[in-house]
Structure formats: C-alpha cells, structure tokens
Amino acid sequence: MTSFLADSSDPSAPDVKLFTRHPAEVARELIGMILTVDGVGGRVVETEAYHHEDPASHAYNGQTARNGAMFGPVGHAYVYRSYGLHWCLNIVCGDTPGSAVLIRALEPTAGIELMRERRGMEALRLLCAGPGRLCQALGVTLAHDGLPLGAAPFALEPSLQDWEIAVGPRIGLTKAIQTPWRYGLAGSKFLSRPFPKVVAS
DNA sequence: AGACTGATATTCT
DNA sequence: GAATATCAGTCTA
C-alpha cells in the first residue's frame with residue numbers, strides 16, 4: 001500500500017510525471033531503484049531505452065498484438081517473448097505512445113532463495129544478470145503484460161543516494177547500434193555485461 | 001577466453 | 001524463409 005508509485009491511471013500521480021518523459025531519461029532514472037514482484041527482486045543496475053521513432057524498437061512499425069501494452073498507459077509493464085523462449089520486462093513511458101525501458105539486470109536483494117530455485121542455480125551474480133534471467137528469477141510472464149508497476153504484485157521504490165551512471169550502446173541490436181541508450185550502475189558486479197565507459201551522475 | 005548450437009514466438013519479407 | 005531487445009551448454013584454445 002505504501003508504494004512509491006500510485007496507480008498510474010490517475011494522471012496527477014507523481015509517477016505519471018516520472019514516466020511521461022523521453023525513455024532515455026526514464027532509463028537513467030530507474031538505475032538504483034528497487035524492483036520487486038511479490039516481494040522478490042532487487043536493485044535495478046541495467047536498463048535500455050526504446051523510443052517509438054527508433055528502428056530498434058518493437059513499436060517502430062506500429063501497434064501489433066504483441067506490443068499493444070507499449071501503446072497503453074505509462075508506468076505499466078510490457079512483457080514479450082524473446083527468441084521464442086525467454087520473457088523480457090519493460091516499463092512503458094514517454095510523452096508519446098510507443099516508448100518503453102527494458103529492464104536488463106538486477107542486483108538480487110529480496111527473495112534470493114526463491115530466485116535460486118526458479119533459476120536452478122546458486123551463483124548470485126547470474127540470478128538476474130540479463131533480461132530473460134531476471135524474468136525467470138522474479139516469475140514474470142505474459143500474465144504481467146499491461147499491469148501497473150505501482151500496484152501489487154509489482155513494487156518500485158528508490159534505494160540509493162549517490163551513485164555513478166555508466167552509459168553505452170545497447171546490446172544485441174543490428175539497427176541503431178550507435179544510439180547510446182544503455183544505462184547501468186557503474187561498477188556493479190551484477191550487470192549482464194560490462195560498460196565501456198562511465199560518466200558521473 | 002571466445003565460437004558455435006539449440007530452443008522456438010513473433011514479426012517482417 | 002529469415003531475423004530477433006536471449007541463454008545455457010559444449011566445444012576449441
């Protein structure tokens with residue numbers, strides 16, 4: 001109940017302002033926040049921004065059955081199947097429809113034993129180091145597509161005071177490779193991959 | 001360390 | 001039919 005986020009169907013809620021911005025700003029803003037699903041999750045250490053005018057975005061060619069949530073309300077989840085087997089979690093944002101931030105990695109902080117069971121491995125570093133791994137660890141599936149981040153089972157709240165943000169090119173793309181819209185918590189051991197350079201925050 | 005491979009949904013050509 | 005916002009396993013070095 002005492003979530004940082006209100007229900008984003010209320011247009012005056014603070015999180016609606018938080019997410020009604022360019023996805024690159026939102027991606028940067030999310031680094032360091034604690035994201036949980038039914039109390040299981042951790043600190044966001046890696047994100048990527050996707051804008052509807054960006055050729056790498058699922059929304060670039062317009063609305064389809066899969067990406068419908070990207071055209072819905074800001075602050076809600078967009079979940080899609082990747083390479084036919086993994087789930088990937090995004091948060092819809094932007095000041096126009098069709099933008100989102102992909103959550104790429106978490107530093108596990110809550111429900112670690114349950115995450116180990118779901119992932120079938122012990123190594124803390126690999127529990128949530130990647131968009132597919134993170135969804136498996138948190139139990140995110142298509143059932144979460146379109147749900148608001150500001151209400152159960154989701155929770156999202158700030159956790160850090162001062163930290164440095166790393167910036168670099170997005171991963172696994174063949175289009176718009178040069179657009180540096182990948183953000184990370186500098187020096188984190190829980191990234192899916194290291195960053196080439198670091199800038200201050 | 002890096003290279004290859006398989007699993008296989010969804011979209012686009 | 002080919003490509004993709006992936007991961008784990010299994011090779012070779």
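Scoring rules and cut-offs
Residues numbered from 1 in each chain as written. Chains lettered and ligands numbered in written order. Predicted model: local features only at pLDDT ≥ 70, side-chain atom pairs only at ≥ 80, totals over all residues. Heavy atoms only, no water. Core = buried A, V, L, I, M, F, W, Y, C linked by side-chain atoms within 4.5 Å. Buried < 20%, exposed > 50% of the residue type's maximum accessible area, 1.4 Å probe, protein only. Phe/Tyr/Trp six-rings, centres within 6.5 Å; stacked < 30°, edge-to-face > 60°. Lys NZ or Arg CZ within 6 Å of the ring centre and 35° of its normal. Near = heavy atom within 4 Å. Polar contact = N/O pair within 3.5 Å; in protein donor to acceptor, adjacent residues only side chain to side chain. Helix = DSSP H or I, 4+ residues; strand = E, 2+ residues; numbered from the N terminus. Contact = heavy atoms within 4.5 Å. Nonpolar A, V, L, I, M, F, W, Y, C, P; charged D, E, K, R; others polar.

Student: Just to check I follow, could you spell out the nonpolar core for this structure?
Tutor: Membership of the largest hydrophobic core comes to 45 residues, with the highest contact counts inside it found for Phe19, Leu30, Leu35 and Leu89. With 11 residues, the next largest nonpolar core counts Ala59, Tyr78, Tyr80 and Ala100 among its residues.

Student: Any chance you could explain the packing of aromatic side chains here in plain terms?
Tutor: Each aromatic ring pair is specified by the distance between its two centres and by the angle formed by the two planes. Taken as a whole and judged by the stated rule, the model has 1 aromatic pair. A cation sits over an aromatic face here: Arg170 above Tyr50, 4.8 Å from the ring centre. One Lys or Arg, Arg182, reaches over the ring of Phe195 and ends 3.7 Å from the middle of that ring.

Student: Mind showing me how you'd approach the protein's contact with DNA strand C here?
Tutor: Around DNA strand C sit 21 residues in total, of which Tyr80, His86, Asn90, Arg133 and Thr174 are the nearest. Taking all atoms of DNA strand C within 4 Å of the protein, the share assigned to sugar and phosphate is 58%. In this structure, His86 approaches DNA strand C through a side-chain N or O atom, which is 2.5 Å from a base oxygen. For the surface near DNA strand C, the secondary-structure elements that each account for two or more residues are β3 (77–82), β4 (86–93), β5 (99–110) and α4 (131–138).

Student: Can you walk me through α4 in this structure?
Tutor: Because an α-helix packs 3.6 residues into every turn, residues spaced three or four apart end up facing the same way. With 6 of its 8 residues buried, α4 lies for the most part within the structure. Listed as buried for α4 are Pro131, Gly132, Leu134, Cys135, Ala137 and Leu138. Those residues of α4 that are buried lie in contact with β1 (34–37), β2 (40–50), β4, β5 and α3 (112–119). One or two steps after α4, the chain reaches Gly139, where phi turns positive at roughly 75°.

Student: Is there a simple way to explain the protein's contact with DNA strand B in this structure?
Tutor: Around DNA strand B sit Asn61, Thr64, Ala65, Arg66, Arg81, Tyr83, Gly84 and Leu85, and that is every residue in its neighbourhood. Close to the protein, within 4 Å, the atoms of DNA strand B are drawn from sugar and phosphate at a rate of 65%. The backbone of Arg66 places a nitrogen or oxygen atom 2.9 Å from a phosphate oxygen of DNA strand B. Taking Tyr83, its main chain carries an N or O atom lying 3.2 Å from a base oxygen of DNA strand B. Here the residues of the surface near DNA strand B are counted per class, giving 3 nonpolar, 3 polar and 2 charged.

Function-wise, these values are silent; they only describe arrangement.
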